[in-house]
2 protein chains.
Amino acid sequence: MKPSSPSNLPPVLKRLGELIGPDLERTNSIILEQLNSQVELIPKMGAHIIESGGKRLRPVLTLLVARLFGYAGQDDALLAAVVEFIHTATLLHDDVVDKSDTRRGRATANSVWGSKAPVLVGDYLFSRSFQILVAHGDLKVLQIIADACAVISEGEVMQLVATNDLATSEEHYLEVVQRKTATLFAAAAQIGAVLNHRPASEEESLARYGLLLGKAYQVVDDALDYSATNEVLGKSVGDDFQEGKITLPVIHAYRHGSPEERQFWSRCLERKDFPEGALQRAIQLVRERGSLDYAMDRAKAFAGEAKAQLARLPDTPEREAMAMLADFSFERSY
Amino acid sequence: MKPSSPSNLPPVLKRLGELIGPDLERTNSIILEQLNSQVELIPKMGAHIIESGGKRLRPVLTLLVARLFGYAGQDDALLAAVVEFIHTATLLHDDVVDKSDTRRGRATANSVWGSKAPVLVGDYLFSRSFQILVAHGDLKVLQIIADACAVISEGEVMQLVATNDLATSEEHYLEVVQRKTATLFAAAAQIGAVLNHRPASEEESLARYGLLLGKAYQVVDDALDYSATNEVLGKSVGDDFQEGKITLPVIHAYRHGSPEERQFWSRCLERKDFPEGALQRAIQLVRERGSLDYAMDRAKAFAGEAKAQLARLPDTPEREAMAMLADFSFERSY
């Protein structure tokens, strides 16, 4: 979430600005402060990717939950910064693995500095995160984040292994989504509760909310790869297609495709042989087969389940914003 | 250190086998156990690199120090396994960054599985390490390891930035060596003392011992790249030269070279233009200019300083083995 140009902001982001704007600013300061290193390239690359914005959804969750329970200390911003660091580290490694050129409308770190440095700077961000958490000193938070990191990297490996494999099931796809994306959303929300020493049941509801919200966002993200324009997506449309990633629209369109359509998908995604106009054809097929609608419906269901988790939490403006965030997951076009 | 073929072992490794053989076996079991993941590729790749052996110097340090102070629990092997995990993660990422083909006489993970998966499996090993440390529950050990990881990744970035730059000073080179290699040696030795709740002065001596030992090993390693044979080195001789790494023999030979020799170094290392027989010429030059001897002398000095740190520790067989390890650093030809 960038504080600039508030007039264009969707209502939920405006609301977040009102509720936790100063907290987000504290978080941003901590991020820049903690990126500090004698090794120049580290703050440079860190700032390149972190300042490019993004919606800061994960730190927002930590801050909202902390505020929901009336947290009045300063450590919420510290933990929110850690969550963004972990996210940034995974982005750096992701983009190296995917050889992506753009992210959030800007050149990726690997396209500016080559693929070597982002691997190492990502490692630095991981390490720095654990240094901050150790200084914070709460073993429970450390456990949540360490567990999340392990699950995320497993999810990334699972995704890599499933690349170019049209036999990937919807279940397997959702497992990858849960691990590589939703787990950090869950951790971000949960540590907000831990910071407030809330009972286990509330911690669990918040982790579940984060998990379902993360699933909704990732499923929509994957659908947008076949529907958005480059400008709204902030990355190249069709990236997943070119990279052979087997996402929900593809799984659905392949399952319901004619023999000729299945051959098309197989040629592109498994044999990596893209005939002229392949992306346009793919976009057309996922529309015609109702695969985009199917994916958006699944996302909508996850968002609905996410909202249901909020029922037992205090009825505060923060809870309302969390419900808005769930709706926003499938309303957004970026 | 492989338990096999003990007859060929150098005396120090034989001695280590006698002193901490069972501890090393417990460590190996924990490593294999903790490598477990539902995601098949993870234990596969982990085992590929960990089972290929190596001297296990870092876990050996943790085990020796724990035993030096009479540690009788089981957590020494747990921490030793973590140290080896961290080391393995950095190797996986290193080999991706360097595009290395062989390591410890075997194909590197990236040459078997491509460069993508090792990035992610390295991340898994980092995360798993912190999970284990969190379960162990000692914030001091967590701090030592998190600090080490941050310093190591900074060192790797520093090394990357200095690649192909003959203006790199000896001081800068040694700073990189200290960060990327020696820091984990220091951490490995120090946590053995922490496990025994030893006073800060002993912890410090052991950390200094590890740091100096690590410097000696890395300086020798870099010298061997210009002198060993492929079989003894376990990796390709001349790798550093081909990759444009500015190590001590090169820094010395360049500084003391004739104008024509300096042109040769610059052509190869800065312009990456290797005339026929370049590696042979480089090997000849570092010999003729006394640069190998110079590097080995520096290593010997570090090893001597390392031994001096042991003076105030209990006079036990473990301390003696630690002194032998220091001598071994510059006596070995691999």
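Residues numbered from 1 in each chain as written. Chains lettered and ligands numbered in written order. Predicted model: local features only at pLDDT ≥ 70, side-chain atom pairs only at ≥ 80, totals over all residues.

Novice: Go over the overall build of chain A with me, naming the residues and quoting the values.
Specialist: Helix and strand counts for chain A come out as 16 helices and 2 strands. For 334 residues, the compact-globule estimate of 2.2 N^0.38 gives 20 Å, and chain A sits close to it at 20 Å. Dimensions along the principal axes, computed over C-alpha positions, put chain A at roughly 60 × 45 × 40 Å. In chain A, which comprises 334 residues, the share counted as buried stands at 52%. Look at the contacts in chain A between residues 6 or more apart in sequence, and 75% of them connect residues 24 or more apart. (Helix = DSSP H or I, 4+ residues; strand = E, 2+ residues; numbered from the N terminus. Rg over C-alpha atoms; globule rule 2.2 N^0.38 Å. Buried ≥ 20, exposed ≤ 12 C-beta atoms within 10 Å, placed from the backbone. Contact = placed C-beta atoms within 7 Å.)

Novice: Lay out the environment of Ser-29 of chain A in plain terms, naming residues and giving numbers.
Specialist: Within the secondary structure, Ser-29 of chain A is located in helix H1 (residues 11–34). With 48 residues separating them in the primary sequence, Ser-29 of chain A and Ala-77 of chain A have C-alpha atoms 9.1 Å apart.

Novice: Before we move on, can you summarise the interface of chain A and chain B with the specific residues and values?
Specialist: The partner chain B presents 35 residues to the 35 residues of chain A that form the contact. At the level of elements, helix H2 (41–50), helix H4 (75–98), helix H6 (116–136) and helix H7 (139–162) of chain A are the ones that each hand at least two residues to the side of chain A that touches chain B. In terms of residue count, H7 of chain A provides more of the side of chain A that touches chain B than any other element does, 14 residues in total. Residue classes in the side of chain A that touches chain B are distributed as 22 nonpolar, 7 polar and 6 charged. (Nonpolar A, V, L, I, M, F, W, Y, C, P; charged D, E, K, R; others polar.)

Novice: Tell me about the relation of the copies chain A and chain B, and name the residues and values.
Specialist: Superposing chain A onto chain B takes a rotation of 180° plus a shift of 0.0 Å along the axis, which leaves an RMSD of 0.0 Å. Both copies of the chain, as the preceding transformation shows, are related through a two-fold rotation axis. The residues that chain A uses at the interface reappear at the interface of chain B in 100% of cases, marking a shared surface. (Least-squares fit on C-alpha atoms with pLDDT ≥ 70 in both.)

Novice: Pulling in residues and values, what's your account of unusual backbone geometry?
Specialist: Residue and element names in this part refer to chain B. Even without a glycine there, the phi angle at Arg-56 is positive, about 55°. On the basis of neighbour counts, which here come to 22 C-beta atoms within 10 Å, the residue Arg-56 falls in the buried class. Of note in this structure, Asn-164 is not a glycine but carries a positive phi near 65°. Position of Asn-164 relative to the elements: it lies in the loop between helix H7 (139–162) and helix H8 (170–195).

Novice: Tell me about helix H8 (residues 170–195) of chain A, residues and numbers included.
Specialist: Given 3.6 residues per helical turn, the α-helix brings residues three or four places apart onto the same face. Residue and element names in this part refer to chain A. In this model H8 runs 36 Å from its N-terminal to its C-terminal C-alpha over 26 residues, within 8% of the 38 Å that 1.5 Å per residue would give. Of all the 26 residues making up H8, 20 are buried; the element is thus mostly covered by neighbouring parts of the structure. Within two residues after H8, His-197 carries a phi angle of roughly 50°, on the positive side. (Expected span 1.5 Å × (residues − 1).)

Novice: Can you tell me about the confidence of the model for chain A, naming the residues and giving the values?
Specialist: For chain A, mean pLDDT is 91; residues scoring 70 or higher make up 94% of the total. Under the prediction, the complex receives an ipTM of 0.92, its pTM being 0.93. (pLDDT = per-residue confidence, 0-100.)

Novice: Run through helix H16 (residues 317–331) of chain B, naming residues and quoting values.
Specialist: All names here are of chain B. Its 15 residues place the ends of H16 20 Å apart at the C-alpha level, agreeing with the 21 Å of an ideal helix rising 1.5 Å per residue. Within H16, burial applies to Glu-318, Ala-321, Met-322, Leu-325, Ala-326, Phe-328, Ser-329 and Phe-330. Elements that come into contact with the buried residues of H16 comprise helix H1 (11–34), helix H3 (57–68), helix H9 (200–224) and helix H15 (291–308).

Novice: Please give an account of the packing of helix H2 (residues 41–50) of chain B against helix H4 (residues 75–98) of chain B that cites residues and values.
Specialist: Residues and elements named next belong to chain B. Remark: H2 packs on H4, axes separated minimally by 11 Å, with the N-to-C direction vectors making an angle of 95°. One way to sum up the angle between H2 and H4 is to call them roughly perpendicular. Between H2 and H4, the contacting residues are Gly-46, Ile-49 and Ile-50 on the first element and Glu-84, Thr-88, Leu-91 and Leu-92 on the second. (Axes fitted to C-alpha atoms, helices over the stretch in contact; angles between N-to-C directions. Parallel < 35°, antiparallel > 145°, perpendicular 65-115°, else oblique.)

Novice: Give me the packing of helix H9 (residues 200–224) of chain A against helix H16 (residues 317–331) of chain A: which residues, what numbers.
Specialist: All names here are of chain A. Where H9 meets H16, the axes come as close as 8 Å, and the angle between the chain directions of the two elements is 25°. Considering the angle they form, H9 stands roughly parallel to H16. Relative to H16, H9 is oriented so that their crossing is left-handed. For the pair formed by H9 and H16, the contact residues are Tyr-209, Leu-213, Ala-216, Tyr-217 and Val-220 on the first element and Met-322, Leu-325, Ala-326, Ser-329 and Phe-330 on the second. Of the residues assigned to the contact of H9 with H16, the class counts are 9 nonpolar, 1 polar and no charged. (Left-handed = near helix turned anticlockwise from the far one by under 90°.)

Novice: Let's hear about the environment of His-87 of chain B: which residues, and what values?
Specialist: All names here are of chain B. Looking at the secondary structure, you find His-87 in helix H4. For the pair formed by His-87 and Glu-260, sequence separation is 173 residues and the distance between their alpha carbons is 40 Å. Sequence-distant contacts of His-87, defined by excluding residues within four places in its chain, comprise Arg-58 and Leu-184.

Novice: Account for the environment of Asp-222 of chain A, naming residues and giving values.
Specialist: All names here are of chain A. Along the chain, Asp-222 falls in helix H9. Considering only alpha carbons, one finds Asp-222 and Glu-276, 54 residues apart in sequence, at a separation of 23 Å. Apart from residues no more than four positions distant in its own chain, Asp-222 is found in contact with Asp-240, Thr-247, Leu-248, Pro-249 and Ala-295.

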